[in-house]
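As a plain string of letters, each chain reads:
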Amino acid sequence: MAFLEVKDLKVHFPIKGGIFGRTVDHIKAVDGVSFELEKGKTYGLVGESGSGKTTTGRAIIGLNNITSGSVTYEGQDITNIRRAKSSVRKDIQMIFQDPYSSLNPKKRVLDIVAEPIRNFESMTKKEERIRVQELMELVGLSPESILKYPHEFSGGQRQRIGIARAVALKPKLIVADEPVSALDVSVQAQVLNFMQDIQKELDLTYLFIGHDLGVIKHMCDHIGIMYRGRYVEEGTVNDIFTNPQHIYTKRLVAAIPDIDPNKRAEQRAFRKEVQTEYEQSFNDYFDEEGLAYDLKPISDTHLVALPEKG
Amino acid sequence: METNKGVVDEKALKAQKSPSGISIIWRELVKDKLAFGSLIFLVLISVFVYGTAIFLDQDEIVTVDLFSIHQPPSEEFWLGTDYGGRDIFGQLIIGTRNSLTIGVLVTLMTGIIGIVFGLVAGYYGGHVDNILMRILDFFLVLPFMMIVIVFVAIVPKYSVLTFSLIMTAFLWMGIARLIRSKALQEKELDYVQASKTLGSSNFKIMFTQVLPNLSSLIIVTMTLNLAANIGLESGLSFLGFGFPESTPSLGTLLGYARNPQTLEFRWWIWVPASVLILLLMLAIRNVGEALKRATDARQRRG
Amino acid sequence: MWKFTVRRLLIMIPQIIALSIVIFVLAQMMPGDALSGMIDPNVDPERLEELREKHGWNDPWYVQYADWVGGLMQGDLGQSFRFKMDVTELIGQRIVNSFWLSLATLLFTYLIAIPLGIISGRYNDTLLDQTITGYTYIGFATPLFIFGLVMLWVFGFMLGWFPTSGSVTPGLEAGTFEYFVSKVNHLILPALSMALITTVSTVQYLRNEIIDTKQRDFILTARAKGASESRVYNRHILRNSLLPIAAFFGFEITSLIGGTIFIENIFGYPGMGQLFLESITMRDYTVVTAVTLLFGIASIVGALLSDIILSLVDPRIRIK
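Residues numbered from 1 in each chain as written. Chains lettered and ligands numbered in written order. Predicted model: local features only at pLDDT ≥ 70, side-chain atom pairs only at ≥ 80, totals over all residues. Heavy atoms only, no water.

Draft legend 1. The arrangement of the overall build of chain B in detail. Counting its secondary structure elements, chain B contains 14 helices and zero strands. Here chain B holds 302 residues, and the buried ones make up 54% of them. About 13,500 Å² of surface is accessible on chain B, with carbon and sulfur atoms providing 66% of the total. (Helix = DSSP H or I, 4+ residues; strand = E, 2+ residues; numbered from the N terminus. Buried < 20%, exposed > 50% of the residue type's maximum accessible area, 1.4 Å probe, protein only. Areas by Shrake-Rupley, 256 points an atom, 1.4 Å probe, with all protein chains shown as cover.)

Draft legend 2. Just the overall build of chain A, in detail. Counting its secondary structure elements, chain A contains ten helices and twelve strands. Its C-alpha radius of gyration of 21 Å places chain A within 12% of the 19 Å reference for a compact globule of 310 residues. Within chain A, the proportion of its 310 residues that are buried is 53%. Excluding contacts between residues fewer than 6 apart, the proportion of contacts in chain A whose partners are at least 24 apart in sequence is 64%. Accessible area for chain A stands at about 14,300 Å²; split by element, carbon and sulfur atoms hold 48% of it. Charge centroids of chain A, computed over 41 positive and 44 negative side chains, lie 7 Å from each other. (Rg over C-alpha atoms; globule rule 2.2 N^0.38 Å. Contact = heavy atoms within 4.5 Å. Lys, Arg positive; Asp, Glu negative; His and termini not counted. Charge placed at Lys NZ, Arg CZ, Asp CG, Glu CD.)

Draft legend 3. Expanded view of helix H11 (residues 202-239) of chain B. Here H11(B) contains 38 residues, and its C-alpha end-to-end distance of 45 Å is more than 12% below the 56 Å for a straight helix at 1.5 Å per residue. Gly240(B), located one to two residues past H11(B), shows a positive phi value of around 95°. (Expected span 1.5 Å × (residues − 1).)

Draft legend 4. Representation of the side chain of Thr197(B) within the structure. Its place among the elements puts Thr197(B) in helix H10 (residues 190-197). Contact partners of Thr197(B), with chain neighbours within four places excluded, come to Ile61(A), Leu63(A), Arg89(A), Ile92(A), Gln93(A), Met94(A) and Phe96(A).

Draft legend 5. Main features of the pattern of salt bridges. Residue and element names in this part refer to chain A. With the rule as written, the count across this model stands at 17 salt bridges over all chains. As a salt-bridge pair, Lys172 and Asp91 come within 3.6 Å of each other at their nearest N and O atoms. Of this pair, Lys172 sits in the loop between helix H5 (155-167) and strand S7 (173-177) while Asp91 sits in helix H2 (residues 87-91), and the two are 81 residues apart along the sequence. On the basis of relative accessible area, Lys172 is assigned to the partly exposed category, the value being 30%. For Asp91, a relative accessible area of 13% gives the class buried. (Salt bridge = Lys/Arg side-chain N within 4 Å of Asp/Glu carboxyl O.)

Draft legend 6. Structural detail: the packing of helix H7 (residues 144-154) of chain B against helix H1 (residues 2-29) of chain C. Contact pair H7(B) / H1(C): the axes reach a minimum separation of 10 Å and the direction vectors enclose 20°. Classified by the angle between their axes, H7(B) and H1(C) sit roughly parallel to one another. Between H7(B) and H1(C) the crossing geometry is left-handed. Contacts between H7(B) and H1(C) pair Ile147(B), Val150(B), Phe151(B) and Ile154(B) from the former with Val22(C), Leu26(C) and Met29(C) from the latter. When grouped by side-chain class, the residues that make up the contact of H7(B) with H1(C) number seven nonpolar, no polar and no charged. (Axes fitted to C-alpha atoms, helices over the stretch in contact; angles between N-to-C directions. Parallel < 35°, antiparallel > 145°, perpendicular 65-115°, else oblique. Left-handed = near helix turned anticlockwise from the far one by under 90°. Nonpolar A, V, L, I, M, F, W, Y, C, P; charged D, E, K, R; others polar.)

Draft legend 7. Broad picture of the packing of aromatic side chains. Going through the model one piece at a time under the given rule, you end up with 21 aromatic pairs over all chains. An aromatic cluster is built from Phe117(B), Phe138(B), Phe139(B), Phe144(B), Phe151(B), Phe170(B) and Trp172(B), whose rings are joined through pairwise contacts. Over the ring of Phe194(A) we find Arg160(A), and its NZ or CZ is 5.1 Å from the ring centre. In this structure, Arg251(A) is placed above the aromatic ring of Tyr278(A), and the distance from its NZ or CZ to the ring centre is 4.0 Å. (Phe/Tyr/Trp six-rings, centres within 6.5 Å; stacked < 30°, edge-to-face > 60°. Lys NZ or Arg CZ within 6 Å of the ring centre and 35° of its normal.)

Draft legend 8. Inspection of the interface of chain C and chain B at higher detail. Taken together, the contact pairs 37 residues of chain C with 38 residues of chain B. For the pair chain C and chain B, the two sides together bury roughly 3,400 Å², of which 84% comes from carbon and sulfur. When residues of chain C are sorted by the area they lose upon contact with chain B, Tyr137(C), Leu149(C) and Trp153(C) head the list and together hold 18% of the total. Here chain C and chain B share zero salt bridges between them. Residue assignment for the side of chain C that touches chain B shows that the elements contributing at least two residues are H1, helix H5 (127-141), helix H6 (144-158), helix H9 (229-266), helix H10 (272-281) and helix H11 (285-313) of chain C. With eight residues, H11(C) is the largest single contributor of residues to the side of chain C that touches chain B. Its residues placed into classes, the side of chain C that touches chain B shows 30 nonpolar, seven polar and no charged. (Buried area = accessible area lost by both parts, 1.4 Å probe.)

Draft legend 9. Local environment of the nonpolar core. Of all hydrophobic cores here, the largest spans 124 residues; its most connected members are Leu239(B), Leu254(B), Phe276(C) and Val291(C). Residue contributions to this core peak at 15 residues, all from helix H14 (residues 267-301) of chain B. The two domains that each donate at least three residues to this core are domain 1 (11-76) and domain 2 (93-269) of chain C. Filtering out sequence-adjacent residues up to four positions away, Leu254(B) remains in contact with Phe238(B), Trp270(B), Ala273(B), Ser274(B), Ile277(B), Phe145(C), Ile146(C) and Leu149(C). Grouped together as the second largest cluster of nonpolar side chains are 59 residues, Ile146(A), Val167(A), Phe208(A) and Ala292(A) included. (Core = buried A, V, L, I, M, F, W, Y, C linked by side-chain atoms within 4.5 Å. Domains from an automatic or database assignment.)

Draft legend 10. Seen up close, a nonpolar patch on the surface. Residue and element names in this part refer to chain C. Together, Leu10, Ile13, Ile17, Ile21, Val25 and Met29 line one region of the surface with nonpolar side chains, adding up to about 500 Å² of accessible area. Within the secondary structure, Ile21 is located in helix H1. For Ile21, a relative accessible area of 41% puts it in the partly exposed group. (Patch = residues over 30% accessible without salt bridge, like charges linked within 9 Å, V, L, I, M, F, W, Y side chains within 5 Å.)

Draft legend 11. Inspection of the sheet that holds strand S11 (residues 295-297) of chain A at higher detail. Residue and element names in this part refer to chain A. Spatially, the eight strands line up as an open sheet ordered S6-S7-S8-S3-S9-S10-S12-S11, and their pairing is mixed. If you trace the sheet from one side to the other, it starts and ends with strand S6 (92-95) and S11, each paired once. Across the sheet, the mean angle from the axis of one strand to that of its neighbour is 20°, orientation sign disregarded. Relative to strand S12 (residues 303-305), strand S10 (residues 230-236) runs antiparallel, the two sharing two bridges. Paired with Glu234 across the bridge in S12 is Leu303. Running at roughly 175° to S6, H5 makes contact with S6 and S7 of the sheet. On the sheet, helix H9 (residues 247-254) packs against strand S9 (222-227) and S10 and is oriented at approximately 110° with respect to S9. (Pairing = 2+ DSSP bridges.)

Draft legend 12. Inspection of the UniProt feature "transmembrane region" (unreviewed entry) in chain B at higher detail. Residue and element names in this part refer to chain B. As recorded in UniProt, the sites labelled "transmembrane region" (unreviewed entry) are residues 34-56, 100-123, 135-154, 160-179, 210-232 and 267-284. Along residues 100-123 one finds 100% helix and 0% strand; the C-alpha atoms at either end are 33 Å apart. Segment residues 160-179 splits into 85% helix and 0% strand. End C-alpha atoms: 28 Å apart. (UniProt positions renumbered as here; feature names shortened; annotations may be inferred.)

Draft legend 13. How the structure looks around the side chain of Asn119(A). Tracing the chain through its elements places Asn119(A) in helix H3 (residues 109-120). In this structure the side chain of Asn119(A) is engaged in a polar contact, spanning 3.2 Å, whose partner is the backbone oxygen of Leu198(B). (Polar contact = N/O pair within 3.5 Å; in protein donor to acceptor, adjacent residues only side chain to side chain.)

Draft legend 14. How the structure looks around the pairing of strand S4 (residues 68-73) of chain A. All names here are of chain A. Where S4 meets strand S5 (residues 76-77), two bridges bridge the pair, whose relative direction is antiparallel. By the bridge assignment for S5, Thr72 is matched with Asp77. Adjacent in sequence and paired antiparallel, S4 and S5 are bridged by two residues, among which Glu74 carries a positive phi angle near 45°.

Draft legend 15. Broad picture of unusual backbone geometry. Residues and elements named next belong to chain A. Positive phi, normally seen in glycine, also occurs at Asp8, with a value near 45°. Counting through the fold element by element, Asp8 comes out in strand S1 (residues 4-17). Even without glycine at this site, Glu74 takes up a positive phi of about 45°. Topologically, Glu74 is positioned in the loop between S4 and S5. We classify Glu74 as partly exposed; its relative accessible area is 35%.

Draft legend 16. Representation of the environment of Thr286(C) in the model. All names here are of chain C. Structurally, Thr286 is set in helix H11. Classification of Thr286 by relative accessible area gives buried; the value is 2%. Distance from Thr286 to Ser80, taken between C-alpha atoms, is 6.0 Å for residues 206 residues apart in sequence.

Draft legend 17. Molecular detail of helix H4 (residues 125-138) of chain A. Residue and element names in this part refer to chain A. Here H4 spans 20 Å end to end across 14 residues, near enough to the 20 Å set by a 1.5 Å rise per residue. When we look at burial in H4, the residues that qualify are Glu128, Arg131, Val132, Gln133, Glu134, Leu135 and Met136. Following H4 by one or two positions, Gly140 adopts a phi angle in the positive range, close to 80°.

Draft legend 18. Geometry of the pairing of S7(A). Residues and elements named next belong to chain A. Extensive coverage of S7 is indicated by the burial of five of its five residues. Going residue by residue along S7, you find Leu173, Val175 and Asp177 tucked away on one face and Ile174 and Ala176 tucked away on the opposite face as well. With four bridges connecting them, S6 and S7 associate as parallel partners. Paired with Ile95 across the bridge in S7 is Ala176. Where S7 and strand S8 (residues 205-210) come together, five bridges link them in parallel fashion.

Set out below in structure tokens:
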């Protein structure tokens, strides 16, 4: 039994039009996505903006309505879990992309971090305060600053507050939606390493959503690559980075910057080559609508969306 | 884990505590001389009229005294008397009290209805919003003045409460619309999504997460509404469709000026009330505008 | 464009139906028979019951409503109990006066608002601008009826420059030049009083709009290209700032309706607002319901006009 299993997930948004505002069409933000998460590991969901990776994450945690498909958490179907106070809500938490809008500007840090605790646990004011201060220490912030407002912290510090809030209930799975893309590069590594530390400490599973392959490579064990709401390739880090099969993946991997200046010319030639291949064989890898085909296994861990042969 | 870990000296906490939003706005208001002066004026007037009104007998003041009709200001009647020989100064005090009371009452009631309505419409959006906004649009196109006048004319016995209920029924839309459009923006922010994943119910998110972010807007709007509501009430009383004469309001005194004789020759009946209304409205607006500037400034600073 | 207009027109239909229902309910609450006006509201209840039975007014409410709406469609607004004449005819006499008063008010409103707004916006933060801003600030706080009273007191009674009541000096023959002059003379003071108060929001809006536009990139570009200051204002800024003012036109109608009730009452001007107040005091309820209905429809149409003009001016609105 998988820790978290997503089966044929579809999230469609209606497009309204006409005089009466009826639904005339759908945007298929996520269209048939399946994957499994292993406990204690990090699964990376990669794609360009608009590929449906964030929608997938938000659908799993219940922020977007699921059109069809199922989400199973430890054997329990949580596809349509909407109730505010369920144990699943407690177990699955989220880290948001924007550390500025994800913390309520009118609340003190104490109230922000204590919000989940107040929803699920009954603690006295004093216990609650101590717990929040412990969490602040855990994420490396001063416990004395719990009466400050979020705007008094820097972006990286705010993201740490967001993480403290997410781990306050000792969750098992955290959906991290591009947790560092809004931060300065210098702070990114700090936050990422810190996320890995608490993963070990609290035995967390991450669903890590991102577009920066460098970050994904650093963080993840398994990777799924999305394009226009569908998977194009899925595999271990090794599968994806050393043996990409789909032309879209190849292009992504080729685009990772290399810091070795001696290889600059080589890199450029390689990128060009991949680009020409991409342009020439685009129709072989995508159907008439430009969407990816269904995934087919090419090894135990590696799946690629290739057309039927013949 | 060590038992004492995380326990921090209360003093250190206090030292790092940041002032709340309201206290910052208050500080800004005090700095604004005109607005602070206006606020003091309003407080003094309120204390005076509510204080004096305790010792004044409303029934005695509104009792007709045929021996002292239309007297100009004198030792006995500081501001003269009206066509029923009633003391204008006493009516002025009681009228101010009644006008203020109803203004505050209507502002609070419209505020509560408008906030709840607007929050629900904006937060849920979609169909809920559509239906609620259709209802609101409908109230908005009703000819407010006329319907209130008709109500007052046909409801047989009305009191301060029923009168303010009638006014409230047609005055909650403005603030509801404002709150709704702000809530629509606010709910898209991640902190609302975060609260959902943290297990807070919609009700809790609306009133404990979103509402505080609208507080400055609400304070400013309600202050400005207070001025508008006092104006509306005195306008209706002026036309004779507000309070009955036995419960004078500032508008009642002005209503006497609809008689050309009073308007032309007996200024003491209507001029003091006019000046008082004008001063009240200006003072409230001063405070409201200053609050608006203060909250804008605070937003700029982040 | 047409899509938005059609949708907006469709929204109007339920609004008008709802309005008619509210007025119908109000009319049912009034004593006597407020829809037809054939019964004296002061008649004793027993006799009333008899009369109701006789005229078939004990029909279920939906039959009565249907009859009433059917009558409205044919322009039958019932009978005025007081004047013993058709309400349609009675309103016909008054509506002309209200029309002229509204037109004069609108004219004054824009005549005041546009120059003041432009001056205030163009020369912002000068002494002139501060004076204008001060006027709008006080204008916002002043209730219309107090201002009307003061205007009447000063210009009507103390200075005697204008007549203090009515819409025309009695005894003049319609169609003569004196008649026309007297009409205009009776209009000026009430229209000006209302305009001076209602115009302040437009002045303020125009001022903010101009100051806002002044700092936009395309204006800076026009300046950088070397366009003269008057060209920048006439060709670029005013075109952008005056259009939204047009959209205020519809809202103006709604605020006029509330305003005329006060102004006509203070200046004794025989228009619709005055008719409404007179009728309600005289318990002539047929007239009350008819006037309320007409004013209600007028404000619905006003909102419609605003939305359509606004959608013409600002294409973004059409999307939603």
